[in-house]
Amino acid sequence: MICAGIDAGSRSIKVLLFDTERSQILSSGIMDQGLAQQRLAAQLFERTLREAQVPRAQVAAVVATGYGRSAVRFADTTITEITCHARGVHHLVPDARTIIEIGGQDSKVICLEDGGRVRDFAMNDRCAAGSGRFLEVVASRLDVDLPTLGDLSRDSLNPAAISSMCVVFAETEIIGLLTEGTPAPDIAAGVQQAIAMRVVALAGRAVAPPVCFTGGVALQSGMVRALSEVLSCPVRVAPLPQYTGALGAAILAGSRPRFGTPP
Amino acid sequence: MEDLNPSAHSDRSPVFPATRPDAPDHSCPDERGGGTDAGAGPPPPLRYFEQMIDHCCDYAEAAKAQGRPIVGILCEYTPREVILAAGGVPVCLCGGSVATIPAAEQYLPANLCPLIKSTFGYHVKGSNPFLNWADLVVAETTCDGKKKMFELLGATMPMYVLELPQKAEDPDALAHWTDEVHKLKARLEQQFQVRITDDKLRQAIRLMNRERGLRRQLADLMTADPPPLSGRQLLEFKSIISGIDADLRQYESALEFYGRGLTASDRPTADTKAAKVRVLMTGVPLVHGAERVLELIESCGAVVVCMENCTGLKPILEDAAPDEPDPIPAIARKYYHLPCSVMTVNRRRMDSLRTLAARFRPHCVIELVWQACLTYDVESFHVRALVENELGLPYLKITTDYSPSDSSRITARVEALVETAWARRAP
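The model shown is predicted, which means the values in this text are computed figures rather than measured ones.

The rules we used
- Residues numbered from 1 in each chain as written.
- Chains lettered and ligands numbered in written order.
- Predicted model: local features only at pLDDT ≥ 70, side-chain atom pairs only at ≥ 80, totals over all residues.
- Helix = DSSP H or I, 4+ residues; strand = E, 2+ residues; numbered from the N terminus.
- Buried ≥ 20, exposed ≤ 12 C-beta atoms within 10 Å, placed from the backbone.
- Contact = placed C-beta atoms within 7 Å.
- Domains from an automatic or database assignment.
- Nonpolar A, V, L, I, M, F, W, Y, C, P; charged D, E, K, R; others polar.
- Pairing = 2+ DSSP bridges.
- Axes fitted to C-alpha atoms, helices over the stretch in contact; angles between N-to-C directions.

Before going further, it helps to spend a moment on the overall build of chain B. Per the secondary structure count, chain B includes 16 helices and 8 strands. Expressed as a percentage of the 427 residues in chain B, the buried residues total 53%. When contacts within chain B are restricted to residue pairs at least 6 apart in sequence, long-range pairs at least 24 apart make up 73% of them.

As structure tokens, then:
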């Protein structure tokens with residue numbers, strides 16, 4: 001059975017086709033999120049189908065997840081990012097017990113039981129600090145692109161202390177640091193550390209290893225190091241970190257009874 | 001809901017629609033009144049309480065015209081019986097409107113609980129008729145935010161504050177609280193030129209016991225699986241003025257209406273989509289106008305079967321003994337047992353949660369904390385430990401205020417909790 005997962009995130013849309021019998025990813029695609037969310041998701045879905053040479057009629061079920069999930073009208077059902085990331089990561093890294101997911105506008109910590117079921121989760125609420133959006137704001141302040149920002153932190157000898165809890169205030173704080181002549185690598189490293197501390201504070205309790213890091217921000221070099229330093233334990237980046245939500249959605253689309261709906 | 005005045009709330013529409021196209025039916029599992037019953041829409045007792053503010057306005061206006069004093073109260077620790085025995089009309093002034101908060105922030109810090117700000121905002125705007133009519137406001141030294149707000153309120157309102165001892169298990173605490181209730185009695189007698197006799201107090205106890213008993217029975221309907229009404233509907237069965245005879249009669253007819261029990265054909269089987277995740281809510285109260293989080297929860301395929309908070313079961317679980325030789329200590333004891341988070345150590349709340357969880361059989365617990373409500377926020381540590389380790393249920397804490405800006409994020413977290421609860425129930 002072929003199933004599709006669509007992760008309509010705040011910054012990008014991800015689509016993934018999954019063959020449940022062979023437990024194999026057939027194709028996947030990503031594009032920037034925009035105003036016409038439903039149309040963009042449909043376009044990306046078509047493109048992903050074409051790449052895999054799978055006719056639409058062969059797709060048995062479509063599950064949408066992510067912040068824009070209810071805008072994906074052609075999905076059969078929706079499931080939250082929490083359940084989907086948990087399922088996707090469990091598929092790729094079966095022994096993971098804690099998932100840290102940092103996306104465009106939020107960050108979450110998910111604790112898993114044996115067997116990959118969600119035991120507990122925590123999510124940031126109103127504030128975007130500790131999310132990808134924070135990194136974007138900082139990158140634009142430092143006049144670099146996102147991958148460069150990640151690399152910059154490697155050269156830091158003395159990470160700057162960024163204490164603001166709010167993206168807007170943090171930006172002001174960074175302007176202050178720049179005025180004082182703080183080197184860009186120290187600011188980049190300071191920001192990564194601030195995000196890591198904020199995300200770990202979310203967890204609030206002991207984080208059980210193995211820890212798996214996923215979401216778009218997992219692609220930032222330097223973030224893994226910052227997280228493992230704050231947690232004092234190794235952190236592993238999930239394979240396909242941008243796609244674990246869509247993968248989980250596709251796998252759940254193929255499971256009966258479905259997660260998230262009453263049996 | 002700019003103003004807490006008649007009809008302002010009656011045009012309220014459901015603000016939070018289902019978030020998913022295939023969402024299970026969110027309506028009450030048993031929509032009596034639609035279909036074969038006469039007339040569509042909510043059943044008569046529910047319709048009555050949808051006009052609660054209007055009724056209270058009429059009642060207070062008539063009472064005032066007859067010379068009865070209006071006494072504002074701001075907390076469930078206030079012994080309503082003493083006010084009733086003085087011939088007064090006890091009316092709850094707690095604010096649940098986001099619209100009055102900016103006015104309050106001219107005087108109060110932004111980082112304060114929305115209930116305090118909203119209540120005070122009504123005062124600043126002069127838009128709560130009950131506050132305008134009040135001859136006296138009675139309050140207690142509960143949390144710091146309220147206590148200091150009362151000083152500002154007291155600058156322009158006649159105000160009486162009882163000292164609430166906060167070491168709940170201290171042997172001297174109840175005696176001190178009883179003295180405070182005696183002092184309130186003396187103050188009411190002096191201000192309103194009445195004599196509060198023991199007989200009047202006993203009458204008031206019986207009246208309040210009857211009201212509490214009826215509301216307790218209504219809440220108890222939620223032990224059924226599925227319950228005959230939603231948590232949001234149950235929350236409608238309340239009145240900001242205690243002891244109104246017409247209200248009590250409506251509670252009785254609601255009990256008769258919902259208590260008929262579901263027939264076999266009404267009862268959805270466990271595998272139909274109507275089966276919902278049962279939620280126990282705890283934490284801060286959802287005062288009139290501030291029901292958003294409850295509505296969000298019930299839009300996610302969950303039903304709130306129990307509310308262990310001040311707008312739910314907390315203040316009505318215990319009655320006052322009606323036949324003791326001295327009624328004041330009986331009243332004081334009943335109120336002092338309220339397990340608010342201002343108490344230290346607040347073991348009674350944990351005991352209450354254990355009892356309620358056994359009785360209402362929730363699948364998960366959601367704790368609501370108003371932003372900057374320090375006592376509930378800190379105490380949530382113990383609640384989480386109890387829920388996760390002892391009750392073995394998923395727990396979610398939602399910290400928010402009256403503004404709807406985080407509604408979609410709250411929904412995502414509740415949906416994830418519902419998914420988690422379902423997954424745990426699956427074989």
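There is more to say, and it comes next.
Further remarks concern the domain arrangement of chain A. All names here are of chain A. Under the domain assignment, chain A is made up of domain 1 (1-93 + 242-263) and domain 2 (96-238). Taking only C-alpha atoms, the centre of domain 1 and the centre of domain 2 are 26 Å apart. The interface of domain 1 with domain 2 comprises 15 residues on the first partner and 18 residues on the second. Take the side of domain 1 that touches domain 2: its biggest share by element is 8 residues, from helix α2 (residues 81-92). Of the residues assigned to the side of domain 1 that touches domain 2, the class counts are 6 nonpolar, 7 polar and 2 charged.

Residue and element names in this part refer to chain B. In spatial order, the strands read β2-β1-β3-β4; together these 4 strands make up an open sheet with parallel pairing. At either margin of the open sheet sits one strand with a lone partner, and together these are β2 (89-92) and β4 (159-162). Strand-to-strand twist of the sheet, defined as the mean angle between neighbouring strand axes without regard to direction, takes the value 25°. The sheet contact formed by strand β1 (residues 70-73) and strand β3 (residues 136-140) spans 3 bridges and is parallel. Within β3, the position partnered with Val-71 by the bridge is Leu-136. Relative to β4, helix α7 (residues 144-154) is tilted by about 160°, and along the sheet it contacts β3 and β4.

In this structure, A:Pro210 follows A:Pro209 across a cis peptide bond, with omega equal to -5°. You can see A:Pro210 is positioned in the loop between α6 (184-203) and β9 (211-214). Put simply, B:Asp225 and B:Pro226 share a cis peptide bond, and its omega is 0°. By the secondary structure assignment, B:Pro226 is in the loop between α9 (198-220) and α10 (231-236). At A:Ser23, a residue that is not glycine, the phi angle is positive and equals roughly 50°. Phi at A:Ser232 is positive, roughly 50°, even though this residue is not glycine. Along the chain, the position of A:Ser232 falls in the loop between α7 (223-231) and β10 (235-237).

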